[in-house]
Amino acid sequence: MASTTDTAPTAPAKRDRTHYLYIAVIVAVALGIAVGLIAPDFAVELKPIGTGFVNLIKMMISPIIFCTIVLGIGSVRKAAKVGAVGGIALGYFVVMSFVALGIGLVVGNILEPGTGLAVTDAIKETGQAQVDAEAKGTTEFLLGIIPNTLVSAFTEGEVLQTLLIAVLAGFALQAMGSAGTPILRGIEHIQRLVFRILAMVMWAAPIGAFGAIAAVTGSAGLDALKSLAVLMLGFYITCVLFVFIVLGALLRIVAGLNILTFFKYLGREFLLILSTSSSESALPRLIAKMEHLGVSKPVVGITVPTGYSFNLDGTMIYMTMASLFIADAMGTPMSIGEQIPLLLFLLVASKGAAGVTGAGLATLAGGLQSHKPGLVDGIGLIVGIDRFMSEARALTNFAGNAVATVLIGTWTKEIDKERVEQVLAGQLPFDERTLLDEGSEAVTDSEAEQGGEKALAKA
């Protein structure tokens, strides 16, 4: 109670500063759209600004994932708990991928958005060019999880490689017992440093948002938006239905939470994704906010990074509807018997497309090249609006992973429900300055021995 009282006087100032920051992001997005429509050629040249900001965020992802997972696993006595979390998470991800595919399949067959479009030679060339984009096969993807060296996972920025190294380090520290406590303390201090750097980087968000949105608007233009409006609107509506009906119902039934209240808590992360078209830009903040919400470190550390590669609900819907759209536009609509094998392949192939803008298009191209080569020409139809589709993909992927973290925390009884209510009610505001709960993160001997759940109870 004392720590809450001590921090109370400074909380309004923190909220005020970040409040202005995200107002600036909204203004920057509006200016970016205006510049993209008024001076499209100039706007396209601004793309490096948005790319630079996203890269600033991405450089923080590996150290944050490593610190979070090592602290979470290393402070839990029973290794079986971590295995249970991972098993439940993967099972849930597979089920939700099939649900997302099913919804996309139904809506795509009802709308038939590609019917009547003309495919020119220029469009065919654009479509074929996408096949050259890198799209990993299943075997290559699985082998790619293993880094070349112990530190290359950090230098190459591969999320799953970092996850593997962090899990191994966490179990090793767990086996060391009290001898590993000083190392955990050191990692905890590194985590605070990394989150503080991330908080500083976030002040560049308005500039990054302006560059990213201006480039997207300038490159697509109104003509592309008008001609492909049916596909875009159908995709957006499908994503909304999936998030608010499917995920909303799960969140209410399993965790007893209102999805609108939950998303209000994550409002700034949604705004960040909207302005950068990449769910990866919000990954570090999602980890911090889920821990602050009351989900235990092991659940957050395992679920969020894994979900960014295996729980891509928005990408699944996109793959389905885009495939049906292209088939209809090419005048060769697929039967259900042809659709299902293609989509099952895309489900596996998409697991390396986590949060990266454009990766969904590359994976789609690779899937069509393998199963229906004649449809690759039609990919050129959606290249112009792919970045706008990427907005909905990224938002849906993020929403799915945020909800998954709460659900898995509830199923494994690794969530402090009383704290969840307080946080969502605004009684325990998130510290935007440090992105951490000061005073609740320290690793003590007793916490290392008694388990991460004890540390959570103390907070």
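Residues numbered from 1 in each chain as written. Predicted model: local features only at pLDDT ≥ 70, side-chain atom pairs only at ≥ 80, totals over all residues. Heavy atoms only, no water.

1. Here's the deal with the side chain of Arg419
Piece 1. In this structure, Arg419 sits in helix α22 (residues 417-424).
Piece 2. Within the local environment of Arg419, its side chain forms a polar contact with the backbone oxygen of His292, the two atoms lying 2.6 Å apart. (Helix = DSSP H or I, 4+ residues; strand = E, 2+ residues; numbered from the N terminus. Polar contact = N/O pair within 3.5 Å; in protein donor to acceptor, adjacent residues only side chain to side chain.)

2. Focus: the confidence of the model for the protein chain
Piece 1. Model confidence for the protein chain is summarised by a mean pLDDT of 74, while 73% of its residues fall at 70 or above.
Piece 2. Counting interchain partners and residues more than four positions distant, the pLDDT-below-50 stretch residues 118-128 has 18 contacts.
Piece 3. Within the model, pLDDT remains below 50 along residues 439-459, and this stretch shows 40 contacts once partners closer than five positions in the same chain are excluded. (pLDDT = per-residue confidence, 0-100. Contact = heavy atoms within 4.5 Å.)

3. So, the packing of aromatic side chains
Piece 1. The final tally for this structure, using the stated rule, is eight aromatic pairs.
Piece 2. On the basis of an interplanar angle of 70° and a centroid distance of 5.9 Å, the ring pair of Phe235 and Tyr318 is categorised as edge-to-face. One end of the pair, Phe235, is in helix α12 (residues 229-255); the other, Tyr318, is in helix α17 (residues 313-329), with 83 residues separating them in the sequence.
Piece 3. Residue classification places Tyr318 among the buried positions, given a relative accessible area of 1%.
Piece 4. Measuring from centroid to centroid gives 5.0 Å for Phe263 and Phe270, while their planes differ by 70°, and the two rings are edge-to-face. Like Phe270, Phe263 is buried.
Piece 5. Geometry around Tyr265 places Lys289 over its ring, the cationic atom sitting 4.8 Å from the centre.
Piece 6. The lysine or arginine in question, Arg393, covers the ring of Tyr318, its NZ or CZ lying 4.1 Å from the ring centre. (Phe/Tyr/Trp six-rings, centres within 6.5 Å; stacked < 30°, edge-to-face > 60°. Buried < 20%, exposed > 50% of the residue type's maximum accessible area, 1.4 Å probe, protein only. Lys NZ or Arg CZ within 6 Å of the ring centre and 35° of its normal.)

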